[in-house]
Amino acid sequence: MIDFLYRVVRPLLFRLDPEEAHELTFSTLPMARWLAELSQLRPDPRLACKVGPLTFAGPVGLAAGLDKNGVGIRTWEALGFGAIEVGTVTGLAQTGNPRPRLFRLKEERALINRMGFNNEGAIALAATLGRLKAQGVWPTVPVGANLGKSKVVANEDAVDDYLNSLRALKDKADYFVINVSSPNTPGLRALQEREPLQRLLHAAIPAAGLTPVFLKLAPDLEDDALHEAVNVAVDAGCAGIIATNTTLSRPGATGRVEQYGGLSGEPLQPLARQKIAVVLEAAAQRVPVIGVGGIHCADDVRALLKMGCAATQVYTALIYEGPGLIARIHRELATTMLTTDAPPPASP
Ligand SMILES: Cc1cc2nc3c(=O)[nH]c(=O)nc-3n(C[C@H](O)[C@H](O)[C@H](O)COP(=O)(O)O)c2cc1C
């Protein structure tokens, strides 16, 4: 049903500016939730997988950036995501970069975005998450809050900015992600370097209390730098690594493409996979790795799990394949993984 509707609606959405299409889609979230509930899209309980201290309901979660302010959490749960990551939110609410800032590369099944963390801020997200808890409708899948740096805050003051978000969101999310890898906030990616990263994580992890903290890394880091960042994260007590964010490079792009912004979707996949392999090697089973970047079918998920990822996340393929994609992938995984000898994925 959901798949059929998306096939009808997609050509109309694709005639709109991508951000207008996004806003229109978000206005239908309550209806989508109702349809999804009717269609019973939640993953087979046997697909549940351990990701460090968390249990994902299935190995495919929602990647950060689609739902910056956490307004659609119950719909994502009904659509069958194994976990839901909201944000990036920043300490201060901000409007992000000027429009247009989101571009489709239809042929390549990719997106380029330079949104620049448009979001209502950590305090507003805390209120939204708090309401779900107060109403007793907190999802049965883990909900993570992805945190970034406010644009007006200098890198020297970044730690305080992240701490403001952590304090606002304390006990409101099932996990946190320290995002130092988005390409659209000037200077942000410099926080992936050893010293600033050490300072940030050594402050953030205690501030998060008992809530696990993950670190999200960029695919544009050299292998040595990835090794170093993973070691810093493990030493600081991170619960896991999320790899990767979007790339500033333009792999597989045909014709003229937007110069500024991060590329996601199918052309990112080879680079992401190569960098995920490096992260897995560096992590050496000390912490789980969540693989993300260009996933668009069950085989992609299977490949990352086989490489050693504890779980995966998806964003761009949802735009091209529709919101029924996650349930389709989980169903396919359930029929293969659970009927062969291969055990479901487990984190170290
Ligand atoms: C429009 C857009 C906005 C994004 N915003 C964020 C964000 O705010 N924080 C973040 O950590 N990642 C963000 N991402 C990156 C995704 O979470 C993901 O890491 C990346 O897109 C690769 O996965 P995909 O190929 O499945 O989209 C964004 C991606 C897109 C396409």
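Reference entry: report on the structure contained in this document. (Residues numbered from 1 in each chain as written. Predicted model: local features only at pLDDT ≥ 70, side-chain atom pairs only at ≥ 80, totals over all residues.)

### Points about the sheet that holds strand β5 (residues 102-105)
Argument step 1. Here three strands make up an open sheet; going across it, the order is β5-β6-β11 and the pairing antiparallel. The outermost strands of the open sheet, each flanked by one partner alone, are β5 and β11 (262-265). Direction aside, neighbouring strands of the sheet carry axes that sit 25° apart on average.
Argument step 2. Judged from the four bridges that link them, β5 and strand β6 (residues 110-113) form a sheet pairing that is antiparallel. Looking at β6, one finds that L102 is bridged to N113. (Pairing = 2+ DSSP bridges. Helix = DSSP H or I, 4+ residues; strand = E, 2+ residues; numbered from the N terminus. Axes fitted to C-alpha atoms, helices over the stretch in contact; angles between N-to-C directions.)

### A look at the packing of helix α7 (residues 194-207) against helix α8 (residues 223-236)
Argument step 1. Packing of α7 against α8 brings their axes to within 9 Å, and their N-to-C directions diverge by 25°. In this view, α7 runs roughly parallel relative to α8, as classed from their interaxial angle. Pair α7 / α8 crosses with right-handed handedness. Contact residues: R194, L197, Q198, L201, H202 and I205 in α7; E228, A229, V232, A233 and A236 in α8.
Argument step 2. Of the residues in the contact of α7 with α8, the class split is seven nonpolar, two polar and two charged. (Parallel < 35°, antiparallel > 145°, perpendicular 65-115°, else oblique. Left-handed = near helix turned anticlockwise from the far one by under 90°. Contact = placed C-beta atoms within 7 Å. Nonpolar A, V, L, I, M, F, W, Y, C, P; charged D, E, K, R; others polar.)

### Some remarks on the site of the ligand
Argument step 1. Near the ligand, the surroundings consist of 26 residues, among which A63, G65, S264, Y315 and T316 are the closest.
Argument step 2. Residue assignment for the shell around the ligand shows that the elements contributing at least two residues are β6, β11 and α11 (316-321).
Argument step 3. Here the residues of the shell around the ligand are counted per class, giving twelve nonpolar, 13 polar and one charged. (Near = placed C-beta within 6 Å.)

### So, unusual backbone geometry
Argument step 1. Put simply, G87 and T88 share a cis peptide bond, and its omega is 10°.
Argument step 2. Its location among the elements puts T88 in strand β4 (residues 84-89).
Argument step 3. The peptide bond linking R99 to P100 adopts the cis configuration, its omega dihedral lying at -5°.
Argument step 4. Among the secondary structure elements, P100 is positioned in the loop between β4 and β5.
Argument step 5. We note that D171 has phi near 65°; this positive angle belongs to a residue other than glycine.
Argument step 6. Given 12 C-beta atoms within a 10 Å radius, D171 is considered exposed.
Argument step 7. Non-glycine residue A284 carries a positive phi angle of around 45°.
Argument step 8. Along the chain, A284 turns up in the loop between α9 (269-283) and β12 (289-292).
Argument step 9. By C-beta crowding, A284 is classed as exposed, having 12 other C-beta atoms within 10 Å. (Buried ≥ 20, exposed ≤ 12 C-beta atoms within 10 Å, placed from the backbone.)

### Focus: the environment of T25
Argument step 1. In this fold, T25 is placed in helix α2 (residues 18-27).
Argument step 2. Sequence-wise, T25 and A334 are 309 residues apart; in three dimensions their C-alpha atoms are separated by 29 Å.

### Some words on the pairing of strand β10 (residues 240-243)
Argument step 1. Of the two faces of β10, both are covered, the one formed by G240 and I242 as well as the one formed by I241 and A243.
Argument step 2. The pairing of strand β9 (residues 213-217) with β10 spans four bridges and is parallel. If you follow L215 over to β10, its bridge partner there is I241.
Argument step 3. Following the chain from β9 across α8 to the adjacent parallel β10, one finds a crossover that is right-handed.
Argument step 4. Summarising the sheet, β10 and β12 pair through three bridges and their orientation is parallel. (Right-handed = clockwise from strand over helix to strand, strands pointing away.)

### A short note on the nonpolar core
Argument step 1. The biggest cluster of nonpolar side chains holds 106 residues, and the ones touching the most others in it are F176, I178, L201, C238, I241, V279 and V289.
Argument step 2. Per-element accounting of this core gives the leading share, seven residues, to α9.
Argument step 3. In this structure, V289 is in contact with G240, I241, A243, I276, V279, L280, A283, G308, C309 and A310, ignoring residues within four places of it in sequence. (Core = buried A, V, L, I, M, F, W, Y, C linked by C-beta atoms within 7 Å.)

### Details of α8
Argument step 1. Along its 14 residues, α8 runs 20 Å from first to last C-alpha, staying within 8% of the 20 Å computed at 1.5 Å per residue.
Argument step 2. Buried within α8 we find L226, A229, V230, V232, A233 and A236. Along the axis of α8, the buried residues cluster in a sector spanning 160°; they form a single face. Turned more than 90 degrees from where α8 packs its buried face, D224 and D235 sit exposed.
Argument step 3. In this fold, the buried residues of α8 make contact with α7, β9, β10 and α9.
Argument step 4. Positive phi shows up at G237, right after α8, with a value of about 100°. (Expected span 1.5 Å × (residues − 1). Arc of directions from axis to C-beta.)

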